[in-house]
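Survey of secondary and tertiary structure
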2 protein chains.
Amino acid sequence: MKHLLPNDLVSKKGRYTIFSCLSSEELEELELVQTTQVYKKGQPVFQENTQSAALFYVNQGFVKVTKLGSNGKEQILRIAKTDDLVGYRSVISGSRYKSSAIAIEDSVITLIPKAFFLKLLQNNPVFYSKVTIMLCETLDRTETKITDIAYKPVRGRIAEALLLLNDLLDEKEHITLTREDLAGLVGTVKETAIRIISEFKHDKLIEIHKRSIKVVNEKGLEKVSSLYN
Amino acid sequence: MKHLLPNDLVSKKGRYTIFSCLSSEELEELELVQTTQVYKKGQPVFQENTQSAALFYVNQGFVKVTKLGSNGKEQILRIAKTDDLVGYRSVISGSRYKSSAIAIEDSVITLIPKAFFLKLLQNNPVFYSKVTIMLCETLDRTETKITDIAYKPVRGRIAEALLLLNDLLDEKEHITLTREDLAGLVGTVKETAIRIISEFKHDKLIEIHKRSIKVVNEKGLEKVSSLYN
DNA sequence: CGAAGTGTTGATGATATTCAAGTAATGTGG
DNA sequence: CCACATTACTTGAATATCATCAACACTTCG
């Protein structure tokens, strides 16, 4: 359990943070009301269908945002990384969480109470505007994901997901999704994901060390990703 | 080509409209800058990847919001009806349209210039808040659609779509999507959609008159929709 | 009336899921 | 730190689901 000073939030080694537009008073208050703690790998941050009381800022680590499919399978909607907000949407619309969030690695996460966030939105137009644009961008990506899942074969979706995960990572960062999570990310089952990964390995598009997948032929994967037959 | 008075926008036979919170000055200005016209069935309202200069308010009729899949097939993201806004998202984020909008019936649509909309957002917090909540709700529905397409078989998705279209309609309203559009809505092809519709007809879940589909056993369709095998 | 668009059905094959049976890696308590 | 349990990964075979191609009927509309 570790409390970060607001300054840490603002000046994170050159990273853009959504809080950079807060006044020093707002930052001070943020420090008072926030709670920062470590979530162990696999630990839920919030659960689908529970009432939203707070949103979360990912300080360090990775969080999968998931939704339960009608068959009980877990669809991963997106993966939140350092400097991302999760759970803010339900706070804005005052509803229950429409998805779950689970740490996929040991992660440092800051809880921000609902009331403070809403006050920020009301009083800080720049912040409000940033949040709105974030919403628009998330919606764009989500809509793109729909057409992908609807029309792109699993093979292409896996290739795309591997590239996407690759881009998510700065320098020496590293996530290893389980094969099951990777499957959940593209909307297929574990076994199919594994088979396709084996093919990619055979085709020298990726390398596998231990369990972790390393992209070695980005162009090749891009080609597979844009193929539709 | 017909110009509606702002009053018409506000007091539409008991329907909620997003403009109900505008001041009379704002409504007056809206009247000056808007252009209302009839779009014939099949006529595009705006096109994916073109620069956004305006958003659109559906006064009457239905508009499909679509996105091109990587294989050139058209995915329908949602169907906008009377009192819905389309294209506002790209206006907010100042980007190109991320989707196309096409009238699926003769429709009366009001064009609202970008600058006026942005000014409204800035000056009318209630309006801004309504738009933000609309964004959140759209995102919810879009995410649900992802898990549906990912894990629900086509059969269930068609059942769901038919129910959804049914709910969209008040009283005596009526849309007839082509089988191809219905397929595009659930992410399949025309032939598969037709086959499943035939089964539903055979099972007395729906009736078909001319080309139009009428739900006659809502419970039954709900059951099919929630079945995953 | 003819042409274009829409709807329909059958046959076939590709793609992906399911079930089953393991192996490999990781974590935990003694 | 080892033994054992648990979790993750892998592969094969059988099957289900869905897309594609092709041919044709029906509607609508200029």
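The rules behind the values
- Residues numbered from 1 in each chain as written.
- Chains lettered and ligands numbered in written order.
- Predicted model: local features only at pLDDT ≥ 70, side-chain atom pairs only at ≥ 80, totals over all residues.
- Heavy atoms only, no water.
- Helix = DSSP H or I, 4+ residues; strand = E, 2+ residues; numbered from the N terminus.
- Rg over C-alpha atoms; globule rule 2.2 N^0.38 Å.
- Buried < 20%, exposed > 50% of the residue type's maximum accessible area, 1.4 Å probe, protein only.
- Contact = heavy atoms within 4.5 Å.
- Areas by Shrake-Rupley, 256 points an atom, 1.4 Å probe, with all protein chains shown as cover.
- Lys, Arg positive; Asp, Glu negative; His and termini not counted.
- Charge placed at Lys NZ, Arg CZ, Asp CG, Glu CD.
- Near = heavy atom within 4 Å.
- Polar contact = N/O pair within 3.5 Å; in protein donor to acceptor, adjacent residues only side chain to side chain.
- Least-squares fit on C-alpha atoms with pLDDT ≥ 70 in both.
- Disulfide = S-S within 2.5 Å.

- For chain A, an unreviewed UniProt entry supplies the name CRP-like cAMP-binding protein and the organism Sediminitomix flava.

**Details of the overall build of chain A**
- Broken down by element type, chain A carries nine helices and 10 strands.
- Here chain A has a C-alpha radius of gyration of 19 Å; the compact-globule value for 229 residues is 17 Å, and the two agree.
- The C-alpha extent of chain A, read off along each of the three principal axes, is 55 × 35 × 30 Å.
- Per-residue burial for chain A yields a buried fraction of 52% across its 229 residues.
- Excluding contacts between residues fewer than 6 apart, the proportion of contacts in chain A whose partners are at least 24 apart in sequence is 72%.
- Here chain A displays about 11000 Å² of accessible surface, and carbon together with sulfur accounts for 52% of that area.
- Where the 33 positive side-chain charges of chain A centre and where its 29 negative ones centre are 6 Å apart.

**Here's the deal with the protein's contact with DNA strand D**
- Near DNA strand D there are 17 residues, and of these R179(A), I194(A), K73(B), T188(B) and T192(B) occur at the shortest range.
- Protein-proximal atoms of DNA strand D, defined as those within 4 Å of the protein, fall in sugar or phosphate at a share of 61%.
- A distance of 3.3 Å separates a base nitrogen of DNA strand D from a polar side-chain atom of E191(B).
- Secondary structure elements with two or more residues in the surface near DNA strand D: α8 (190-202) of chain A together with α8 (190-202) of chain B.

**Comments concerning the relation of the copies chain B and chain A**
- Of the transformation superimposing chain B on chain A, the axial component is 0.0 Å and the angular component is 180°, with the fit at an RMSD of 0.0 Å. The operation mapping one copy onto its partner corresponds to a two-fold rotation axis.
- Interface overlap between copies is the fraction of interface residues in one copy that are interface residues in the other; for chain B against chain A it reaches 100%, indicating a shared surface.

**Notes on the state of the cysteines**
- In this structure the tally under the stated criterion is zero disulfides over all chains.
- Between C21(A), a free cysteine, and C136(A), which holds the nearest cysteine sulfur, the sulfur-to-sulfur gap is 16 Å.
- Between C136(B), a cysteine without a disulfide, and C136(A), which holds the nearest cysteine sulfur, the sulfur-to-sulfur distance is 10 Å.
- Judged by its relative accessible area of 1%, C136(B) falls in the buried class.

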